[in-house]
Amino acid sequence: MKKHPIGLFDSGVGGTSIWKAINTLLPNENTIYLADSKHAPYGPKGEAKIIELSIKNTEFLLSEGCKLIVVACNTATTNAIKVLRERFNVPFIGIEPAIKPAALQTKTKAIGVLATKGTLSSHLFHRTTDLYSNGITIIERVGEGIVPLVESGNIESKIMQDLLKRYMEPMLKANIDYLVLGCTHYPYLIPQLTKILPQHIKIIDSGEAVAKQTKAILETNQLLSLSKTNASHQFYTNANNVSVMADLLAGDFNVSYLDF
Ligand code: DGL
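Residues numbered from 1 in each chain as written. Predicted model: local features only at pLDDT ≥ 70, side-chain atom pairs only at ≥ 80, totals over all residues. Heavy atoms only, no water.

## Overview of the packing of helix α1 (residues 16-25) against helix α11 (residues 242-249)
Where α1 meets α11, the closest approach of the two axes is 10 Å, and the angle between their N-to-C directions is 40°. Every pair of crossing elements has a handedness; the one defined by α1 and α11 is right-handed. In contact with Thr 16, Trp 19 and Lys 20 of α1, α11 contributes Met 245, Leu 248 and Leu 249. Looking at the contact of α1 with α11 residue by residue, the class counts come to 4 nonpolar, 1 polar and 1 charged. (Axes fitted to C-alpha atoms, helices over the stretch in contact; angles between N-to-C directions. Helix = DSSP H or I, 4+ residues; strand = E, 2+ residues; numbered from the N terminus. Left-handed = near helix turned anticlockwise from the far one by under 90°. Contact = heavy atoms within 4.5 Å. Nonpolar A, V, L, I, M, F, W, Y, C, P; charged D, E, K, R; others polar.)

## Some thoughts on the pairing of strand β9 (residues 233-237)
Along β9, 5 of the 5 residues are buried, which leaves the element largely enclosed by surrounding structure. Here β9 shows two buried faces, one formed by His 233, Phe 235 and Thr 237 and the other by Gln 234 and Tyr 236. Where strand β2 (residues 31-35) meets β9, 5 bridges bridge the pair, whose relative direction is parallel. By the bridge assignment, Ile 32 is partnered in β9 with Gln 234. Sheet topology places β9 next to strand β10 (residues 254-257); 4 bridges connect them, and they run parallel. Of the residues in β10, the one forming a bridge with Phe 235 is Val 255. Read as a crossover between parallel neighbours, the route from β9 over α11 to β10 is right-handed. (Buried < 20%, exposed > 50% of the residue type's maximum accessible area, 1.4 Å probe, protein only. Pairing = 2+ DSSP bridges. Right-handed = clockwise from strand over helix to strand, strands pointing away.)

## With respect to α11
For α11, the complete set of buried residues consists of Val 244, Met 245, Leu 248 and Leu 249. Angularly, the buried residues of α11 cover 135° about the axis, an arc narrow enough to put them on a single face. Residues of α11 that are exposed and point more than 90 degrees away from the buried face comprise Ser 243 and Asp 247. Of the residues one or two after α11, Ala 250 is the one with positive phi, at around 50°. (Arc of directions from axis to C-beta.)

## Focus on the sheet that holds strand β1 (residues 6-10)
Spatial strand order, β4-β3-β1-β2-β9-β10: 6 strands in an open sheet with parallel pairing. Since the sheet does not close on itself, it has two edges, and those belong to β4 (92-93) and β10, each with one partner. Pairing geometry for strand β3 (residues 68-71) and β4, over 2 bridges, is parallel. Within β4, the position partnered with Ile 69 by the bridge is Phe 92.

## A few points about the sheet that holds strand β7 (residues 178-182)
Pairing is parallel in the open sheet, where 4 strands are placed in the order β6-β5-β7-β8. A strand with exactly one partner marks an edge of an open sheet, and here the two such strands are β6 (137-142) and β8 (202-204). Sheet twist, expressed as the mean angle between neighbouring strand axes with direction ignored, is 20°. Taken together, the 5 bridges between strand β5 (residues 110-115) and β7 define a ladder with parallel strand orientation. Bridging across to β7, Val 113 finds its partner in Val 180. The strands touched by helix α8 (residues 158-173) within the sheet are β5, β6 and β7, with β6 carrying the most contacts at an inclination of about 170°.

By themselves these figures say nothing about function.
Structure, rendered in structure tokens:
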């Protein structure tokens, strides 16, 4: 089992930001990444649909022999991870907006959260914000339109820059000093965001925390790979964006179209 791959899925190519963090910490682990880009964005879909798609993605990864599943998508985690854990007998790692570190460290007592509609409206998100929002203003903003632009390789476009400016405006007005990126597509926008935001605003994403958690759970379950040979990585997308994913990965990786 130790040599079996870690499986990751996302509604699209954004979860590769999580894959990178995991691969940096655990370079000996084989991985399979599934981008369900055909159904992106998940954000505006209701909970039932997100659960259905998450089950389908998990079934594929398990059929490929994955030993652990990383739900590399905030929207799928906040809507579906409970069902996935009940239904499948493998460890799951999820990802949620990193409200806690931002809430604990803010000096201005105002933090911003940019995430999808599906994440911001989920029970899990509300539970977390209830826990940490005491005395703190949380400015939530749906990043409508961002995921499709990342999926189509338009990260540096003017339309993206305009959207980000619009979404940051109420946060700047509220004097936030932390911006939490609550969607795995958004770390790819950090260069654009740093052009819009003043330097003192810190941007937080959950990649490193998820990688550490993945390592810890592999250790606890005695699933950590002991292999010294080069790990193998397979990337699949079910839409016409193989080159977008390859560009984001920025390395010599095997990205394939999968009719899924
Ligand atoms: N990467 C997904 C997330 O973290 C994007 C969701 C979507 O497809 O709307 O939420």
